[in-house]
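# Architecture at a glance
Each chain, letter by letter, is given below.
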Amino acid sequence: MSASAMSPFYMVLAALATLAWGGNIPAIKLGLQEMSPFLFLSLRFLGLLILMLPWLRWRPGRMRDLLVVALLLGPLHFGVLFVGMDLIADASVVAVLSQLTVPFSTILGVTLLGERIGIWRTGGIVLAFLGVVVMMFEPRVFGDTPGVALVVFSAFAYALAAVRIR
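These lines cover the structure that appears in this document, whether it is placed above or below. (Residues numbered from 1 in each chain as written. Predicted model: local features only at pLDDT ≥ 70, side-chain atom pairs only at ≥ 80, totals over all residues. Heavy atoms only, no water.)

Right, let's get into the packing of aromatic side chains. Taken as a whole, this structure holds six aromatic pairs when the rule is applied. Relative to F78, the ring of F45 lies with its centre 5.7 Å away and its plane at 70°, an arrangement referred to as edge-to-face. Of this pair, F45 sits in helix 3 (residues 37-52) while F78 sits in helix 4 (residues 63-87); the two residues are 33 residues apart in sequence, bridging distant segments of the chain. Here the aromatic rings of F78 and F82 are separated by 6.0 Å at their centres, their planes lie at 65°, and the arrangement is edge-to-face. A residue pair is termed a helical-turn pair when its members lie 3 or 4 positions apart in one helix, as F78 and F82 do in helix 4 at four residues. Both residues of the pair, F78 and F82, belong to the buried class. The rings of F40, F45, F78 and F82 are connected pair by pair, giving a single aromatic cluster. (Phe/Tyr/Trp six-rings, centres within 6.5 Å; stacked < 30°, edge-to-face > 60°. Helix = DSSP H or I, 4+ residues; strand = E, 2+ residues; numbered from the N terminus. Buried < 20%, exposed > 50% of the residue type's maximum accessible area, 1.4 Å probe, protein only.)

Before going further, it helps to spend a moment on the nonpolar core. Among soluble globular proteins, nonpolar side chains are generally buried collectively. Ranked by internal contacts, the top residues of the largest apolar core, which has 25 residues, are F82 and L97. Every element with two or more residues in this core is listed here: helix 2 (24-34), helix 3, helix 4, helix 5 (91-97), helix 6 (101-113), helix 7 (119-136) and helix 9 (145-165). The leading source of residues in this core is helix 9, at five residues. Contact partners of F82, with chain neighbours within four places excluded, come to I28, L32, P37, F40, L41 and R44. (Core = buried A, V, L, I, M, F, W, Y, C linked by side-chain atoms within 4.5 Å. Contact = heavy atoms within 4.5 Å.)

The values reported here are purely geometric and, on their own, carry no functional implication.
Rendered as structure tokens:
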């Protein structure tokens with residue numbers, strides 16, 4: 001369905017989803033001003049658990065896989081991301097760095113799942129990492145190196161979870 005054929009209702013839903021997703025990083029940054037990263041993470045996941053509880057079911061034989069993904073996404077992605085965000089002054093740096101999940105997922109798909117990529121995707125991956133290297137020379141970002149390293153690690157953990165889910 002082309003954008004011109006999309007009904008107004010779905011256009012509003014798409015706009016709301018975009019606003020919610022785009023507001024995620026600033027909302028986290030504000031929350032981290034009020035509480036520690038792991039307290040904020042715990043409250044966020046507790047709220048999610050309460051909302052999702054009616055749909056949770058025990059799946060024999062699948063719970064180990066679920067636990068692995070939950071650990072990758074919970075403490076290793078979001079926990080490390082929140083600590084990194086707490087160390088980085090500028091939320092826009094976090095927004096850019098978190099996009100490394102895409103090239104990391106592609107690299108992991110190639111190495112762990114045997115996927116194949118072409119020259120254009122390889123070039124895109126190289127450009128993504130070069131962009132981060134260039135960004136690191138910005139004086140405001142250079143001083144936030146520990147936070148940057150944590151956010152990059154969290155992007156890798158998210159990519160690993162995405163590949164594990166596939």
